[in-house]
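Letter by letter, the chains look like this.
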Amino acid sequence: RGVVTSVAMERALGDIVHRLTGWRVDLTDHDVEVLLNWSDHAVLLEMPITSRYHRGDAMLSRRDYITHAALHPPVAWAVASQAGIQPGWVVLDPMVGRGGILIEAALSVCPSAIYFGTDMD
C-alpha cells in the first residue's frame, strides 16, 4: 500500500475528466473547482451546482478577503443568493462567524440592503 499525494490525485482526476468529456483541464487557472476527499472507506467528489461562480473577473473561490473561512465563498454566495434579499431590507445574521454569507450578499447579491452580523465572540 503506497502513499498517494494530492498532486497525483489532481493529475489523475484531470486525465479522467479530459478523457470522458474532452474538456481542457488546467489545474492552475480553472473555471470549475472540483474537490475530491478520500479515505480508506469513502470517496467524495464535490462540484459547484452551476458552471461558473463569478463577480466581475474574480472567481468567488479566489476571493482574497477571507483566507481561512469556515464557509467556502461559493457556498456563502449560494446561500446568500437563495435568501431573496431585496433593496432596502435590513439583514441580520445572528451567528455571523467570519461573515462570509453577509459579505457575499453585500458584494454580489444585493448591495443596497443593510447588513448586520453578530456572534458570541
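Preceding this paragraph is the structure being described.
Below you will find a few notes about this structure. (Residues numbered from 1 in each chain as written. Predicted model: local features only at pLDDT ≥ 70, side-chain atom pairs only at ≥ 80, totals over all residues. Heavy atoms only, no water.)

## What to know about the layout of surface pockets
Applied cut-off: Here a cavity denotes a set of grid points, spaced 1 Å apart and computed over the protein atoms alone, in which a 1.4 Å probe fits but from which it cannot get out, and a pocket denotes an open set meeting protein on both sides within 12 Å along at least five of seven lines; residues with an atom within 4 Å of a point are reported as lining. Grid points are joined across faces, edges and corners, and a volume is the space filled by probe spheres set on the points. A run of DSSP states H or I qualifies as a helix once it reaches four residues; a run of E qualifies as a strand once it reaches two. Both are numbered from the N-terminal end. Residue polarity is assigned by list, with Asp, Glu, Lys and Arg as charged and Ala, Val, Leu, Ile, Met, Phe, Trp, Tyr, Cys and Pro as nonpolar; anything else, Gly included, falls into the polar class.
There is about 790 Å³ of room inside the largest pocket. V25, L27, V32, E33 and V34 are the residues nearest the centre of the largest pocket, which is lined by 25 residues in total. Broken down by secondary-structure element, the contributors of at least two residues to the lining of the largest pocket are α1 (6–21) and β1 (35–38). Considering each element in turn, the lining of the largest pocket owes the most residues, nine residues, to α1. Residues that form the lining of the largest pocket fall into these classes: 15 nonpolar, four polar and six charged.

## Regarding the side chain of D93
Convention followed: Each residue's exposure class comes from its accessible area (1.4 Å probe, protein chains only) as a fraction of the maximum for that residue type: buried when under 20%, exposed when over 50%, partly exposed otherwise. By definition in these notes, contact holds between two residues if any of their heavy atoms fall within 4.5 Å.
Looking at the element boundaries, D93 is found in strand β5 (residues 90–93). For D93, a relative accessible area of 16% puts it in the buried group. Leaving out residues up to four positions away in the same chain, D93 has contacts with L102, F116, G117 and T118.

## A look at helix α2 (residues 73–82)
Heads up, the condition is: By definition, the arc is the one covered by directions from the helix axis to the C-beta atoms.
The complete set of buried residues in α2 reads P73, P74, A76 and A80. Seen from one end, α2 has its buried residues packed into an arc of 155 degrees, which puts them on one side. Structurally, α2 contributes buried residues whose contacts are with α3 (100–109). Just past α2, the residue G84 takes up positive phi, approximately 70 degrees.

## Comments concerning the environment of P87
Among the secondary structure elements, P87 is positioned in the loop between α2 and β5. If sequence neighbours within four positions are ignored, P87 has contacts with C110 and S112.

## Comments concerning the pattern of salt bridges
In plain terms, the rule: Within this document, salt bridges are pairs made up of a side-chain nitrogen of Lys or Arg and a carboxyl oxygen of Asp or Glu, the two lying within 4 Å of each other.
Evaluation of the coordinates by the stated rule reveals one salt bridge. One salt bridge in this structure joins R24 and D26, with 3.4 Å as the shortest N-O distance.

## Section: α1
Here is the rule we go by: In this scheme, a helix's expected span is set at 1.5 Å multiplied by one less than its residue total.
Over its 16 residues, α1 runs 22 Å from end to end, which matches the ideal 22 Å to within 8%, given 1.5 Å per residue. Backbone geometry just after α1 places G22 at a positive phi near 80 degrees.

## Quick word on the pairing of β5
Put simply, the rule reads: Whether two strands pair comes down to DSSP finding at least two bridges between them. Crossover handedness is defined by viewing with both strands directed away from the observer: a clockwise path from the first strand over the helix to the second marks the crossover as right-handed.
The alternating pattern of β5 places V91 and D93 on a buried face, while none of V90 and L92, on the opposite face, is buried. As judged from the four bridges shared by β5 and strand β6 (residues 114–117), these two strands associate in the parallel manner. Paired with D93 across the strands is G117, a residue of β6. Of the crossover connections in this fold, the one passing from β5 over α3 to the parallel β6 is right-handed.

## Digging into the packing of α2 against α3
In plain terms, the rule: Orientation is described by lines fitted to C-alpha atoms, with helices fitted over the stretch in contact, and by angles between N-to-C directions that extend from 0 to 180 degrees. For classification purposes, an angle smaller than 35 degrees is called roughly parallel, one larger than 145 roughly antiparallel, one from 65 to 115 roughly perpendicular, and anything else oblique. Put simply, a crossing is left-handed when the front helix is turned counterclockwise from the back one by less than a right angle, and right-handed when it is turned clockwise.
Relative to each other, α2 and α3 sit at 70 degrees, their axes nearing to 8 Å. Considered as vectors, α2 and α3 are oriented roughly perpendicular to each other. Crossing of α2 over α3 shows right-handed handedness. Contacts from P73, A76, W77, V79, A80 and S81 of α2 reach α3 at G100, I101, E104, A105, S108 and V109. Residues of the contact of α2 with α3, tallied by class, amount to eight nonpolar, three polar and one charged.

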